[in-house]
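In case you want the letters, here they are:
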Amino acid sequence: MINDEKKLLNYMSKFYKIPAAELTQKYTLTQLEDAYNEIHYKTRYEKHLDKDETLPNEYVMKEFSPL
């Protein structure tokens, strides 16, 4: 999450390819923060998938087993 409003507006204006002033007319800061978080977490997830890391079976069984 970006705590600085100016950085958030700058990043999102580059992402949407529209001026920051137009962004603030179309979206609230909360909506922009939510969109940024979604972009950030989806990117991290995609990077994780690209690493092709697998979890050990013991971990999966311990973590997700109902017993």
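All residue numbers refer to position in the chain's written sequence, counted from 1. In keeping with the predicted nature of the model, local features appear solely for residues at pLDDT of at least 70, side-chain atom pairs appear and are counted solely at 80 or more, and the whole-chain, interface and lining totals rest on all residues. Hydrogens are left out, water is left out, and the side-chain values use all remaining heavy atoms of the structure.

Q: Any details on unusual backbone geometry? Residues and values, ideally.
A: Even without a glycine there, the phi angle at K17 is positive, about 60°. A run of H or I in DSSP counts as a helix once it spans at least four residues, and a run of E counts as a strand once it spans at least two, with each numbered from the N terminus. Looking at the element boundaries, K17 is found in the loop between α1 (5-16) and α2 (20-26). For each residue, the accessible area found with a 1.4 Å probe, counting protein chains only, is set against the maximum for its type, and the residue is called buried under 20%, exposed over 50%, and partly exposed in between. The exposure class assigned to K17 is exposed, which follows from its relative accessible area of 74%.

Q: Now, about the confidence of the model for the chain: what can you tell me, with residues and values included?
A: Confidence of the predictor at the level of single residues is captured by pLDDT, which takes values from 0 to 100. Counting all residues, the mean pLDDT for the chain is 81, and 72% of those residues have values of 70 or more. Element-level mean pLDDT values for the chain span from 66 in helix α4 (residues 57-64) up to 91 in α2.

Q: Before we move on, could you go through the packing of aromatic side chains and cite the residues and values that matter?
A: The aromatic pairing rule takes the rings of Phe, Tyr and Trp, using the six-membered ring of Trp, and pairs them if the centres are within 6.5 Å, calling planes under 30 degrees apart stacked, those over 60 edge-to-face and the rest tilted. Scanning all chains against the criterion turns up 3 aromatic pairs. Ring geometry for F15 against Y16: centres 5.3 Å apart, planes inclined by 80°, an arrangement best described as edge-to-face. Ring geometry for Y16 against Y27: centres 5.7 Å apart, planes inclined by 15°, an arrangement best described as stacked. Here Y16 is found in helix α1, whereas its partner Y27 is found in the loop between α2 and α3 (29-51), with 11 residues between them in sequence. You can call Y16 partly exposed: its relative accessible area is 32%. With a relative accessible area of 31%, Y27 lands in the partly exposed category.

Q: Any chance you could break down the side chain of S13 for me, citing the residues and the numbers?
A: By secondary structure assignment, the location of S13 is in helix α1. A relative accessible area of 12% means that S13 is categorised as buried. For this analysis, residues touch if any pair of their heavy atoms sits within 4.5 Å. Among all residues touching S13, those that are not within four sequence positions of it are I18, P19, A20 and L23.

Q: Go over the nonpolar core with me, naming the residues and quoting the values.
A: For this analysis, a nonpolar core means a set of buried residues of the types Ala, Val, Leu, Ile, Met, Phe, Trp, Tyr and Cys, connected via side-chain atoms within 4.5 Å. If you look at the biggest cluster of nonpolar residues, it comprises 9 residues: L8, L9, M12, I18, L23, L32, A35, Y36 and I39. Mapped onto this core, the elements with two or more residues apiece are α1 and α3. For this core, the element with the most residues is α3, which contributes 4 residues. The residues touching L23, leaving out its near neighbours within four places in the chain, are L9, M12, S13, Y16, I18 and L32.

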